[in-house]
Every structure is written in structure tokens, then in C-alpha cells.
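Given next are the chains, with one letter for each unit.
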Amino acid sequence: AFSSVSSIVLSNLSQGSHTINITPVGCTSSTLTFSIAGPSAPLTNTTTISACGSYTWAVNGNTYNATGIYSGTSINAQGCIVNETLDLTIYPNASISGLNASYFVNDAPVTMIGTPSGGVFSGPGVSAAIFDPSQAGVGTHTITYTPAASCSPVSVTVIVLPLEAEVPVKVFLQ
């Protein structure tokens, strides 16, 4: 019936059943019925991400602040729906605790705590997670904690002061 037609191009058709009525000039009409099937199995994609503090997922534009598994849908380059899964690990932003803003040079060493755990401390007077004012010496010092996770390092300033001045005490006996 269509011996002189070499091809017909149809675009932007969705899944489902479609009917086309074709009537070539000077001929009787013919009906062509066809179906467009979807993918045999749903398309899926899983993305695993580690982030610090929060993460904004491009699939749905949501910002997540907690570790978890999240789901959404996207449309791929071929126009098919993709079931998306986000396997997300959120690390807290880096922080240092256990340090005062200032010490005297003769103060005892202190233990620092870095969050998230597993990172490395650095700076004058630092050995592992111990800050020793006498090793740092008098002055203003920067102590840095670099987490093992991909979070940015954090730094704090600590001032080490000269020896505490001894104040003479007079004892009066009665």
C-alpha cells in the first residue's frame, strides 16, 4: 500500500498505543496501528556521596543535613524516567574543643578534641592531640585540625603568655 514511501519519521511520541491514518494522493486511506513500549525494567541510578555539614542534591534541589538514603526521579537524555537513589553520609563541620583562648607558658599540657574524629592536629606545641604551652612558647599561635573526611580544616588562635607574675604575700602575725 505504501510502496513509494521510503520512511516516515515520528517524534515526541509517548509510551502507549498510537494509530496513524495515511491517505496518499489518489489512493485509499490505510490505517497503521502500533505501540511504543517503555523500558523492560525501570531505569535506576544510585549515587553515593560524602559531604561536610550538608549536601544539595541536583536531582530534586533539596538540601540534606543528615546521613541517610534519599530517593527522587530524573529524566535522562533519551527522555526516560530514572528512579534515583542518594546514599548520603554527612560529616559534621570540623571543630576543635578543649582549648582555651590563652595560657601561661608554664600551664600544663591540654588534650584537644577534633570533630569529626580521626583527623590530625598541627601547630606549635602540638603533639598528637596534646597542646603544650611551654613547647609552643610565648606568642600567638595557630592550631589547625584537619579531619580525615573530606571536610575543610579548621584553625583557632591560642595566645601563650609569659610566666604568671608572682605576687609577694606578706604574712602578718598577731
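Residues numbered from 1 in each chain as written. Predicted model: local features only at pLDDT ≥ 70, side-chain atom pairs only at ≥ 80, totals over all residues. Heavy atoms only, no water.

Caption draft 1: Expanded view of the sheet that holds strand S10 (residues 110–111). Spatially, the 3 strands line up as an open sheet ordered S10-S14-S13, and their pairing is antiparallel. At either margin of the open sheet sits one strand with a lone partner, and together these are S10 and strand S13 (126–127). (Pairing = 2+ DSSP bridges. Helix = DSSP H or I, 4+ residues; strand = E, 2+ residues; numbered from the N terminus.)

Caption draft 2: Seen up close, unusual backbone geometry. Cis geometry marks the peptide bond from Thr 115 to Pro 116; its omega dihedral reads -5°. Take Pro 116: it is sitting in the loop between strand S11 (113–115) and strand S12 (120–122). Despite not being glycine, Ala 128 has its phi angle at roughly 55°, a positive value. Mapped onto the elements of the fold, Ala 128 is located in the loop between S13 and strand S14 (130–131).

Caption draft 3: How the structure looks around the pairing of strand S15 (residues 139–146). Pairing analysis gives 3 bridges linking S12 to S15, with the strands arranged antiparallel. What sits directly across from Val 120, in S15, is Thr 146. Direction of pairing for S15 relative to strand S16 (residues 154–161): antiparallel, over a ladder of 7 bridges. Each residue of the ladder has a partner; that of His 141, found in S16, is Val 158.

Caption draft 4: Region of interest: the packing of aromatic side chains. Under the definition given, this model contains 3 aromatic pairs. Ring centres of Phe 121 and Tyr 145 lie 4.7 Å apart, and the angle between their planes is 45°; this geometry places the pair in the tilted category. On the criterion of sequence distance, the pair formed by Phe 121 in strand S12 and Tyr 145 in strand S15 is long-range, its members being 24 residues apart. Note on accessibility: Phe 121 and Tyr 145 belong to one class, buried. (Phe/Tyr/Trp six-rings, centres within 6.5 Å; stacked < 30°, edge-to-face > 60°. Buried < 20%, exposed > 50% of the residue type's maximum accessible area, 1.4 Å probe, protein only.)

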